[in-house]
Amino acid sequence: SQQGEEDPQALSIQEGENATMNCSYKTSINNLQWYRQNSGRGLVHLILIRSNEREKHSGRLRVTLDTSKKSSSLLITASRAADTASYFCATLRNQAGTALIFGKGTTLSVSS
Amino acid sequence: DVKVTQSSRYLVKRTGEKVFLECVQDMDHENMFWYRQDPGLGLRLIYFSYDVKMKEKGDIPEGYSVSREKKERFSLILESASTNQTSMYLCASSPRNLYEQYFGPGTRLTVT
């Protein structure tokens, strides 16, 4: 079962532009995480936002969370070619434990 | 730095073979996870473990089993490989009560 669904599925931008990806989920959450995956590699954790937080920043990343709409967005500012990757949101599979459910991902392509 | 290693990057096996995928983490993490990743389907949880000799089924456990005899090692076993198990397999680990997962580089398994 998929909890998070990213939108859009694919995004192509030029270097220097901002990239925004959205994630919608179905049930109430404790927290929501974003991960990045470079082609053919494992995932790397980017940022975690808790259900009582509305916005969080990490370098060029800005994550927002709207629990009333069950949605989150990841903004990458001033994109670089090295940001080319797939981005996934993930939520807890259930209230107990730390197993995650991942969305299907947004593939970001940044061209120079 | 946390390091999660997987025994092979690429593996080709024949239908009916018993296949072992090994995952080792070096940060004394209690939790370990196995996912498979397929185009259009995202990451799906196969099995996970919160302690040595403990295991729990994920969302798609059919056709798989796991073994965790030591804290640092979590093995995924395909009892009788089938072509529909051709996929990218990703292992991850995390500390007991923390949500961030650390991923290995993945094993791309082809069953012919």
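Below, the structure is looked at part by part.

## Re the interface of chain A and chain B
Opposite the 24 residues of chain A that make contact, chain B presents 27 residues. In terms of surface lost to chain B, no three residues of chain A exceed L43, R93 and T98 of chain A, which account for 28% of the buried area on that side. For the pair chain A and chain B, the interface holds 1 salt bridge. Run the count over chain A and chain B and you get 10 residue pairs in polar contact (both at pLDDT 80 or more).

## So, the state of the cysteines
Residues and elements named next belong to chain B. For the structure on display, the rule yields 2 disulfides over all chains. Across the disulfide from C23 sits C91; the S-S distance is 1.8 Å. On the sign convention where negative means left-handed, the S-S torsion of about -75° between C23 and C91 marks this disulfide as left-handed. On the criterion of sequence distance, the pair formed by C23 in strand β3 (residues 19-25) and C91 in strand β9 (residues 87-94) is long-range, its members being 68 residues apart.

## Re the pattern of salt bridges
As enumerated under the stated definition, the model contains 10 salt bridges over all chains in all. Here R62 of chain A ties to E55 of chain A by a salt bridge, and the two come within 3.2 Å at their closest N and O atoms. The partly exposed category is assigned to E55 of chain A, whose relative accessible area is 40%. One network of salt bridges, in which partners are shared, links D28, E30 and K71 of chain B.

## Things to note about the packing of aromatic side chains
Taken as a whole and judged by the stated rule, the model has 9 aromatic pairs over all chains. With a centroid separation of 6.2 Å and an interplanar angle of 25°, the aromatic rings of F33 of chain B and F48 of chain B are classed as stacked. Placement of the pair is F33 of chain B in strand β4 (residues 31-38) and F48 of chain B in strand β5 (residues 42-49), with a sequence separation of 15 residues. F33 of chain B gets classed as buried once you look at its relative accessible area, which sits at 0%. The exposure class of F48 of chain B is buried, given its relative accessible area of 3%. Put simply, the rings of Y35 and F102 of chain A together with F33, Y35, F48, Y50 and F103 of chain B touch in pairs and so form one group of aromatic residues.

## Focus on the sheet that holds strand β8 (residues 73-78) of chain B
Picture the strands of a sheet paired through backbone hydrogen bonds; they go either parallel or antiparallel. Residue and element names in this part refer to chain B. Strand order in the open sheet formed by 4 strands is β1-β3-β8-β7, and the pairing between neighbours is antiparallel. Strands with a single pairing partner mark the edges of an open sheet, and in this sheet they are β1 (4-6) and β7 (64-70). Neighbour to neighbour, the strand axes of the sheet diverge by 20° on average, direction disregarded. Bridge count for β3 against β8 is 6 bridges, and the pairing is antiparallel. Looking at β8, one finds that V24 is bridged to R73.

Reading the values: rules and limits
- Residues numbered from 1 in each chain as written.
- Chains lettered and ligands numbered in written order.
- Predicted model: local features only at pLDDT ≥ 70, side-chain atom pairs only at ≥ 80, totals over all residues.
- Heavy atoms only, no water.
- Contact = heavy atoms within 4.5 Å.
- Buried area = accessible area lost by both parts, 1.4 Å probe.
- Salt bridge = Lys/Arg side-chain N within 4 Å of Asp/Glu carboxyl O.
- Polar contact = N/O pair within 3.5 Å; in protein donor to acceptor, adjacent residues only side chain to side chain.
- Disulfide = S-S within 2.5 Å.
- Helix = DSSP H or I, 4+ residues; strand = E, 2+ residues; numbered from the N terminus.
- Buried < 20%, exposed > 50% of the residue type's maximum accessible area, 1.4 Å probe, protein only.
- Phe/Tyr/Trp six-rings, centres within 6.5 Å; stacked < 30°, edge-to-face > 60°.
- Pairing = 2+ DSSP bridges.
- Axes fitted to C-alpha atoms, helices over the stretch in contact; angles between N-to-C directions.

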